[in-house]
Amino acid sequence: MNEVKKPYKYVGTNPVRPDGVPKVTGLAKFGNDYRLPGTLYGKILRSPHAHARIKSIDISKAEALPGVQAVMTAADLPEQEFAYVGAARVQINMWHMSRNVMAREKALYEGHAVAAVAANSQSVAEAACDLIEVDYEVLPHVIDVEAAVAEDAPLLFEDMITRDVDPVPTKPSNIAKVVGFEIGDIAEGFAQADEIVEKEYRTAAVHQGYIEPHATLARSDADGQVELWSASQGHFQIRNWVSNICGIPLGDIKVNPAEIGGGFGGKTVVYVEPVAVVLSRKSGHPVRVNMTRDEVFKASGPTSGAYMKIKIGAKKDGTITAAEGDYYYQAGAFPGSPVMNGCLCSYATYNIPNQKTTGYDVVSNRPKVAAYRAPGSPISNFAVESTLDILAKKIGMEPAEFRLKNAIHTGDPMVAGNSMSHEGYSETVEAIMNHPDYKKPLGPNQGRGMASGYWFNGAGESGATVFVNADGTVTAATGSPDIGGSRASMAIMAAETLGIPYEQVRATVNDTTSVPYTHVTGGSRVTYASGMAVVNATNKVINELRARAAKIWDVDVDGVEWEDGHAKPSSSNVGDFEPLSLAELAAKANATGGPIGTSEALSAGGQAPGFSTCFCDVEVDPDTGKVTILRFVLAQDAGTAIHKGYVEGQMQGGVVQGIGWALNEEYIYDDQGRLTNAGFLDYRIPVASDLPNIDTIVVEVPNPNHPFGVKGVGEVCICPTMAAVANAIADATGRRMEELPMSPPKLLDALDNRDGGEL
């Protein structure tokens, strides 16, 4: 593992988080905490059917109910052009998005919004929803991805022709799109292999499980101006979507960021915001709309469930010669699953000369999927890393050694036709192999499994404003909602750049009118991209501080340098001047030219991917199928850890969610297409008693494209977790679990009724 020398005062430390006190004292304001005088209660009427044509909606009785101020349907939203826009991985179709906010022709899943009301009280709003008469024609539905691609499957869209297939299909289907990538000669690669493993895997849809339901408050002025308070991962994106869906100019919308009680990708989408805006405009009052937990599960995006076919070949010496994968991902009711990510990430940690991955984006009568922590990558990773475990055993090679032998390095080819741009993967494998617990003996019914993961990490548009206050304190404002500790990271980087104590910098998250455009908090992009904006703006402030000192000293600015929070004479400055502190320069700001501050707006590139490797030890109760995780160790390349505590927290959080995904979490539907476990009593997320201590190893291979070497850390931590648990269970039981979750009933059935097969 590379040792990184950190000549920093504040980078890599663990200062007190800026949002800590307001949150532990209950003063922090989340999405549902905002109120304005005259605020109305918004309530959404949702479809009870998984698939139904909407023949008519009669809102007259609801409108006549005393206390009701407004009622809306999809007719109150402008029709959208049917078009896919944006980069291939994240294409958006506003026709689909608008219909997900409010159904038009059909209700496509249980919980699909069909109408909404605003009333003086919650009880009146609920009563008004009960008075709305919807005439449905119930249609056959399809829930699971394999059933959805069957020849005779009910069609969600009778005119949907699969995109990106040559020749173009003549028959509609539920396959919205096919993506494919290939390098090398796949047939020749398998011909070179001494051992080949082919397996099929299935994963269930799982929800992000954020503790705070979606909530928003909207206010409309008589001049058409709209203001929102929203718990989201990107208030600029909320502004964009509301503008499009409601037909309001961007400049007429101001969105204020609330504190956010978790998101993990699931709050990069709009559900309630356009509804609140329309109801506010129709009623002339502020309107607050928030989801119940039941609505969160039934009507907001989980991640995809999937069906996958994997084929990998290797020589006896451990060299992987070829790898292939077919991935069928549920998109939910509208196209847009993260299957392309699954294709691109599945083999990305390995130097495999012959690769082919094909992805199928499949619609079904479920809520439209949303991003969930490295969207798409953990799903395909489960299949690939499980298969690699089998292959390592077949050729008689230790699993970590097998991965290290095939580790990708800078310049090695990747399936999209590009090449790997950064190191960091092999260092995580070596860190795991060197961990003192990796070789510890295990007892009866216990097993050990390991796996590795990959995520692209993001960059993109970010803005920041940095200014110096009169007392010498500094404010660093960004447009990035703080989910994983970004305010602390921004303050640390600004303090390090300026050479002043961390405590003298206040980092804030500002509204859409007071900082430049900033993309969402997602994709592990914020510390990298918004951090770069903060550093660049801070450097501009330093240049201005040097200019102010030069003015005071009556010298050229080149005669002034900045060091440790002070303007100092440079070696070329022959004058005898005492250094000026930032506080001294701030006090003289009006006399030397006025306030000191500037903004930076950029579209960052040069991000480095994330790599992680983990191992876990499990014990399986042979009588019940219950899995107890005894030990979990994760090594992850962070580039440079800005706030080490936050980095470790992100790593541990990703592991916890992966454990839930591996062992318990799933959407369960009845034969009518209704979700039967829409609450935390029945949808089983891990609690503290389910978890071991999670040991983290922060590997640091700095990214040279960032001033402090940052690589994103929020997502790759989850990627290998499910496969590591599956591999450990196989080691403990002699049973290879090929379907998630590996819940006690499924595992017990495997123990009682199935031969061991390939492990």
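What counts, and where the lines are drawn
- Numbering of residues begins from 1 in every chain and follows the order in which that chain's sequence is written.
- Where totals are concerned, whole chains, interfaces and linings use all residues; where local detail is concerned, this predicted model gives features only for residues with pLDDT of at least 70, and gives and counts side-chain atom pairs only at 80 or more.
- With hydrogens and water stripped out, all remaining heavy atoms of the structure feed into the side-chain values.
- Helix numbers and strand numbers start at the N terminus; a helix is a DSSP run of H or I with at least 4 residues, a strand a run of E with at least 2.
- Only C-alpha atoms enter the radius of gyration, while the globule expectation follows 2.2 Å times N to the 0.38, with N the number of residues.
- Just so you know, the count uses Lys and Arg for positive and Asp and Glu for negative, and it drops His and the chain ends.
- Charge positions are represented by NZ for Lys, CZ for Arg, CG for Asp and CD for Glu.
- Helices are assigned an expected span. That span is 1.5 Å times one less than the residue count.
- Burial classes follow relative accessibility: with a 1.4 Å probe on protein chains only, a residue under 20% of its type's maximum area counts as buried, one over 50% as exposed, and anything between as partly exposed.
- At least two DSSP bridges between two strands are required for those strands to pair.
- Salt bridges, as used here, are contacts in which a Lys or Arg side-chain nitrogen is within 4 Å of a carboxyl oxygen on Asp or Glu.
- When the sulfur atoms of two cysteines come within 2.5 Å, that pair is taken as a disulfide.
- Two N or O atoms form a polar contact when they lie within 3.5 Å of each other; inside protein one atom must be a possible hydrogen donor and the other a possible acceptor, and for residues adjacent in sequence the pair counts only when both atoms belong to side chains.
- Throughout, a residue-residue contact means that at least one pair of heavy atoms, one from each residue, lies within 4.5 Å.
- Axes, fitted as lines to C-alpha atoms, cover a helix only where it is in contact. Angles between the N-to-C directions of the axes lie from 0 to 180 degrees.
- One confidence number per residue, pLDDT, is output by the predictor and ranges from 0 to 100.
- Here a pair means two rings of Phe, Tyr or Trp (six-membered ring of Trp) with centres within 6.5 Å. Their orientation is stacked below 30 degrees between planes, edge-to-face above 60, and tilted elsewhere.
- A ring is considered to have a charge above it if a Lys NZ or an Arg CZ atom is located within 6 Å of its centre and within 35 degrees of its normal.
- Between 65 and 115 degrees an angle is taken as roughly perpendicular, under 35 as roughly parallel, over 145 as roughly antiparallel, and anywhere else as oblique.
- Side-chain classes follow a simple rule in which Ala, Val, Leu, Ile, Met, Phe, Trp, Tyr, Cys and Pro form the nonpolar group, Asp, Glu, Lys and Arg form the charged group, and the remainder, Gly included, forms the polar group.

**Student:** Go over the overall build of the protein chain with me, naming the residues and quoting the values.
**Tutor:** Helix and strand content of the protein chain: 20 helices and 28 strands. Over its C-alpha trace the protein chain gives a radius of gyration of 27 Å, about what one expects of a compact globule, namely 27 Å for 759 residues. When the backbone C-alpha atoms are referred to their principal axes, the protein chain occupies close to 85 × 75 × 50 Å. Charge-centre separation for the protein chain: the mean point of 64 positive side chains lies 2 Å from the mean point of 91 negative side chains.

**Student:** Describe helix 14 (residues 486-498), naming the residues involved and giving the relevant values.
**Tutor:** Here helix 14 contains 13 residues, and its C-alpha end-to-end distance of 18 Å stays within 8% of the 18 Å for a straight helix at 1.5 Å per residue. For helix 14, a buried count of 13 out of 13 residues is recorded, marking the element as mostly surrounded by other parts of the structure. Backbone geometry just after helix 14 places Gly499 at a positive phi near 80 degrees.

**Student:** Could you give an account of the pairing of strand 19 (residues 460-468), with specific residues and numbers?
**Tutor:** Of all the 9 residues making up strand 19, 7 are buried; the element is thus mostly covered by neighbouring parts of the structure. Summarising the sheet, strand 19 and strand 20 (residues 474-478) pair through 5 bridges and their orientation is antiparallel. Paired with Ala464 across the bridge in strand 20 is Thr478. From the end of strand 19 to the start of strand 20, which pair antiparallel, there are 5 residues, and Gly472 there has a positive phi angle of about 90 degrees.

**Student:** Report on the pattern of salt bridges, specifying residues and quantitative values.
**Tutor:** Taken as a whole and assessed by the stated rule, the structure comprises 42 salt bridges. Residue Lys746 is joined to Glu666 by a salt bridge in which the shortest nitrogen-to-oxygen separation is 3.8 Å. Taken together, the positions of Lys746 in helix 20 (residues 744-753) and Glu666 in the loop between helix 18 (644-663) and strand 28 (694-699) put the pair 80 residues apart, joining distant regions of the chain. Each member of the salt-bridge network shares a partner with another, and the members are Arg17, Asp19, Lys23, Glu259, Asp482 and Arg487.

**Student:** An account of helix 19 (residues 721-733) is requested, with residue identities and associated values reported.
**Tutor:** If you check helix 19, its first and last C-alpha atoms are 18 Å apart, about what 13 residues at 1.5 Å a residue would give, namely 18 Å. A large share of helix 19 lies buried, amounting to 12 of its 13 residues. Among all positions of helix 19, only Thr721, Met722, Ala723, Ala724, Val725, Ala726, Asn727, Ala728, Ile729, Ala730, Ala732 and Thr733 are buried. The positive-phi residue at the C-terminal boundary of helix 19 is Gly734, with phi of around 75 degrees.

**Student:** Tell me about the sheet that holds strand 6 (residues 106-107), and please be specific about residues and values.
**Tutor:** Spatially, 3 strands are ordered 6-2-8 in an open sheet, and the strand pairing comes out antiparallel. Each edge of the open sheet carries a strand with a single partner, namely strand 6 and strand 8 (133-138). Two elements, strand 2 (residues 52-58) and strand 8, share 6 bridges in a ladder whose sense is antiparallel. Within the sheet, the bridge partner assigned to Asp58 lies in strand 8 and is Glu133.

**Student:** Tell me what's going on with the state of the cysteines, and back it up with residues and numbers.
**Tutor:** Inspection of the entire model under this criterion finds 0 disulfides. A disulfide-free cysteine, Cys343 has its sulfur positioned 9.6 Å from the sulfur of Cys345, the nearest such atom. A relative accessible area of 1% places Cys343 in the buried class. In this model Cys719 remains outside any disulfide bridge; the closest cysteine sulfur is found in Cys345, 6.6 Å from its own. Using a relative accessible area of 0% as the deciding quantity, one classes Cys719 as buried.

**Student:** Give me the side chain of His235: which residues, what numbers.
**Tutor:** Along the polypeptide, His235 turns up in helix 7 (residues 235-246). Polar side-chain contacts of His235 include one of 2.7 Å to the backbone oxygen of Asn510. Among all residues touching His235, those that are not within four sequence positions of it are Val255, Pro257, Gly479, Pro481, Val509, Asn510, Asp511 and Thr512.

**Student:** I'd love a proper account of the sheet that holds strand 3 (residues 68-72), names of residues and values included.
**Tutor:** Paired through backbone hydrogen bonds, the strands of a sheet run either parallel or antiparallel to each other. Strand order in this open sheet of 7 strands is 3-7-1-14-11-12-13, and the pairing throughout is mixed. Looking at strand neighbours, the two that pair on one side only are strand 3 and strand 13 (253-257), the edges of this open sheet. Recorded for the sheet is a direction-independent mean angle of 20 degrees between the axes of neighbouring strands. Bridge count for strand 11 (residues 215-220) against strand 14 (residues 287-290) is 4 bridges, and the pairing is antiparallel.

**Student:** Could you give an account of the confidence of the model for the protein chain, with specific residues and numbers?
**Tutor:** Averaged over every residue, the pLDDT of the protein chain is 96; the share at 70 or more is 98%. Per-residue pLDDT stays below 50 along residues 1-5; that stretch engages in 9 contacts with residues further than four places along the chain or on separate chains.

**Student:** Before we move on, could you go through the packing of aromatic side chains and cite the residues and values that matter?
**Tutor:** All chains considered together, the criterion is met by 22 aromatic pairs. With a centroid separation of 5.6 Å and an interplanar angle of 85 degrees, the aromatic rings of Phe297 and Phe680 are classed as edge-to-face. Here Phe297 is found in helix 9 (residues 293-299), whereas its partner Phe680 is found in the loop between helix 18 and strand 28, with 383 residues between them in sequence. Here Trp455 and Phe456 contribute two aromatic rings whose centre-to-centre distance is 5.0 Å and whose plane-to-plane angle is 65 degrees, an arrangement assigned as edge-to-face. On the accessibility criterion, Phe456 (15% relative accessible area) is buried. An aromatic cluster is defined as three or more aromatic residues linked by ring pairs; in this entry it consists of Tyr350, Tyr425, Tyr454, Trp455, Phe456 and Phe611. Its guanidinium or amino end placed over the ring of Tyr84, Arg163 lies 3.4 Å from that ring's centre, counting from NZ or CZ. If you follow Lys311 out to its NZ or CZ, it ends over the ring of Phe190, 4.3 Å from the centre.

**Student:** An account of the packing of helix 3 (residues 94-101) against helix 7 is requested, with residue identities and associated values reported.
**Tutor:** One can describe the packing of helix 3 onto helix 7 by two numbers: an axis separation of 10 Å at closest approach and a directional angle of 90 degrees. Judged by the angle between their axes, helix 3 and helix 7 are roughly perpendicular. Residues Met94, Met97, Ser98 and Val101 of helix 3 lie in contact with helix 7, whose contacting residues are Trp241, Asn244 and Ile245. By residue class, the composition of the contact of helix 3 with helix 7 is 5 nonpolar, 2 polar and no charged.

**Student:** Account for the environment of Gly460, with residues named and values stated.
**Tutor:** Here Gly460 is to be found in strand 19. By relative accessible area, Gly460 is classed as buried at 17%. Placed 366 residues apart in sequence, Gly460 and Met94 show a C-alpha to C-alpha distance of 21 Å. Discounting chain neighbours no more than four positions away, the residues touching Gly460 are Arg525, Ala529, Leu602, Ser603 and Ala604.

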